[in-house]
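This is what each chain is made of:
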Amino acid sequence: MLDFAVNVRHRRPPAWLVQRLAARLPDLGCYPSRRDEAAAVHAVAARHGRGPDEVALLAGAAEGFALLGNLHPTRAALIAPSFTEPDAVLTAAGLPAHHVVLPPPFHLADAKVPDDADLVVVGNPTNPTSVLHPREQILALRRPGRIVVVDEAFADSVPGEPESLAGTALPDVLVLRSLTKTWSLAGLRVGYALGPPDLLARLTARRAHWPVGTLQLAAIAACCAPDAVAEAAAEALRLAELRGQMANALKSVGIDVVDGQAPFVLFSTPRRPAVA
């Protein structure tokens, strides 16, 4: 059975990852250790060519969105259509959010971001459009006094990750990454943020003690190891082929498919009964 309501790659994590996590179950009687935290941080840093102080471990990328209020923006601009979590958390925090709605085919070059926006959130590739924005267009959003947050939850599903900013150190750019999609770990909540140390310190201020548990730390370290990264890269190639097949099949029956590169397809059609 396929569950199209959940953006995970398989129904369950790969066997090697399950075994790795199961081996740590006896350690749950202790609080997460600094050694495990350091191992996870260094694995992420090595995976993206960053310094350890440029990594913040998260309980899923969603926690990164939940922490955006700690940056105290005066006006946030959300590039839409997009994942709705940033809008929800900023609204709940009483922070004004301005929707910058892109018309089809959803090119970032068409974004009209208010000049006074001091926080801009954009997905790359964007959920649900699947559009992959050129990194130059994302960098063009930068302004003095502005923070650009890039949601790269599906970046590792694009072969070669060509437009990713995860490995680029910039003083005003924050990249959020998720491991739950690629490794089918939605129930464990694992992700991380990449950015300058001072910005990460502001983002993670006032978190609860031990916000990332032992199994989460083990999963982050395992999924960012070179062998796992290579496995994910090979799977991204397979997904790209499957996506192309699905897009071509939809087009063959007259459906208008948005040109994207993430492993999901956005399309429109006036003939809903025929599609069913």
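Just so it is clear, the model here is predicted, and its values are computed rather than measured.

1. Here we look at helix α4 (residues 85-92)
Line of reasoning, step 1. Three or more residues of α4 are buried, namely Pro86, Val89 and Leu90. Seen along its axis, α4 keeps its buried residues to an arc of 95 degrees; they face one direction.
Line of reasoning, step 2. Looking at the buried positions of α4, the neighbouring elements they touch are α3 (61-66), β2 (76-80) and β4 (119-123).
Line of reasoning, step 3. Looking one or two residues past α4, Gly94 carries a phi angle of roughly 75 degrees, positive in sign.

2. As for the packing of aromatic side chains
Aromatic rings in a pair are described by how distant their centres are and how their planes are angled relative to each other.
Line of reasoning, step 1. One pass over the full model with this rule turns up four aromatic pairs.
Line of reasoning, step 2. Ring centres of Trp16 and Trp183 lie 5.6 Å apart, and the angle between their planes is 80 degrees; this geometry places the pair in the edge-to-face category. Of the two residues, Trp16 is situated in helix α1 (residues 15-22) and Trp183 in the loop between β6 (173-178) and β7 (191-194); the sequence distance between them amounts to 167 residues.
Line of reasoning, step 3. Classification of Trp16 as partly exposed rests on a relative accessible area of 25%.
Line of reasoning, step 4. Relative to Phe83, the ring of Phe65 lies with its centre 5.7 Å away and its plane at 55 degrees, an arrangement referred to as tilted. Taken as a pair, Phe65 in helix α3 and Phe83 in the loop between β2 and α4 lie far apart in primary sequence, 18 residues in all.
Line of reasoning, step 5. Assessed through its relative accessible area of 2%, Phe65 is described here as buried.

3. Observations regarding the pairing of β6
Regular strands place their side chains on alternate faces of the sheet.
Line of reasoning, step 1. Taken across its six residues, β6 has six buried, putting it largely inside the fold.
Line of reasoning, step 2. On β6, burial covers both faces: Val173, Val175 and Arg177 on one face and Leu174, Leu176 and Ser178 on the other are all buried.
Line of reasoning, step 3. Pairing between strand β5 (residues 147-151) and β6: four bridges, direction parallel. In the strand pairing of β6, Val149 is matched with Leu174.
Line of reasoning, step 4. Two elements, β6 and β7, share four bridges in a ladder whose sense is antiparallel. In the sheet register, Arg177 faces β7, and the bridge partner there is Tyr192.

4. Concerning the packing of α1 against helix α7 (residues 214-223)
Line of reasoning, step 1. Interaxial distance between α1 and α7 falls to 9 Å at its minimum, and their mutual angle equals 140 degrees. The orientation of α1 with respect to α7, classified from their angle, is oblique. The chirality of how α1 crosses α7 is right-handed. For the pair α1 and α7, the contacting residues are Trp16, Leu17, Arg20 and Leu21 in the first and Leu215, Ala218, Ala219, Ala222 and Cys223 in the second.
Line of reasoning, step 2. The residue makeup of the contact of α1 with α7, split by class, is eight nonpolar, no polar and one charged.

5. Notes on the UniProt feature "domain: Aminotransferase class I/classII large" (unreviewed entry) in the protein chain
Line of reasoning, step 1. Under the UniProt annotation, "domain: Aminotransferase class I/classII large" (unreviewed entry) lies at residues 31-271.
Line of reasoning, step 2. Taken as a whole, residues 31-271 contains 32% helix and 16% strand, while its terminal C-alpha atoms sit 56 Å from one another.

6. A word on the packing of helix α2 (residues 34-48) against α7
Helix-helix packing is described using two parameters, namely the angle between the two axes and the distance between the axes.
Line of reasoning, step 1. Interhelical geometry of α2 versus α7 gives an angle of 30 degrees and a closest axis separation of 8 Å. With respect to α7, the element α2 is oriented roughly parallel. Considering the relative orientation of α2 and α7, their crossing is left-handed. Of the residues in α7, those touching α2 at Asp36, Glu37, Ala39, Ala40, Ala43 and Val44 are Thr214, Leu217, Ile220 and Ala221.

7. Examining the sheet that holds β5
Line of reasoning, step 1. Ordered in space as β1-β7-β6-β5-β4-β2-β3, the seven strands form an open sheet in which the pairing is mixed. Edge positions in the open sheet fall to β1 (55-58) and β3 (97-101), since each of these has one partner strand only. Between one strand and the next, the sheet's axes are offset by a mean angle of 20 degrees, whatever the strand orientation.
Line of reasoning, step 2. Pairing analysis gives five bridges linking β2 to β3, with the strands arranged parallel. Residue Ala80 lies in a different strand from β3, and its bridge partner there is Val101.
Line of reasoning, step 3. Strand contacts of α4: β2, β3 and β4, with the helix running at about 155 degrees to β2, the strand carrying the most contacts.

8. Thoughts on the pattern of salt bridges
Line of reasoning, step 1. Tallied over the full model, the rule gives ten salt bridges.
Line of reasoning, step 2. Notably, a salt bridge pairs Arg207 with Glu63, separated by 2.8 Å at the nearest N-O pair. One end of the pair, Arg207, is in the loop between α6 (197-203) and α7; the other, Glu63, is in helix α3, with 144 residues separating them in the sequence.
Line of reasoning, step 3. With relative accessibility at 22%, the residue Arg207 sits in the partly exposed group.

Cut-offs and rules
- Residues numbered from 1 in each chain as written.
- Predicted model: local features only at pLDDT ≥ 70, side-chain atom pairs only at ≥ 80, totals over all residues.
- Heavy atoms only, no water.
- Buried < 20%, exposed > 50% of the residue type's maximum accessible area, 1.4 Å probe, protein only.
- Helix = DSSP H or I, 4+ residues; strand = E, 2+ residues; numbered from the N terminus.
- Arc of directions from axis to C-beta.
- Contact = heavy atoms within 4.5 Å.
- Phe/Tyr/Trp six-rings, centres within 6.5 Å; stacked < 30°, edge-to-face > 60°.
- Pairing = 2+ DSSP bridges.
- Axes fitted to C-alpha atoms, helices over the stretch in contact; angles between N-to-C directions.
- Parallel < 35°, antiparallel > 145°, perpendicular 65-115°, else oblique.
- Left-handed = near helix turned anticlockwise from the far one by under 90°.
- Nonpolar A, V, L, I, M, F, W, Y, C, P; charged D, E, K, R; others polar.
- UniProt positions renumbered as here; feature names shortened; annotations may be inferred.
- Salt bridge = Lys/Arg side-chain N within 4 Å of Asp/Glu carboxyl O.

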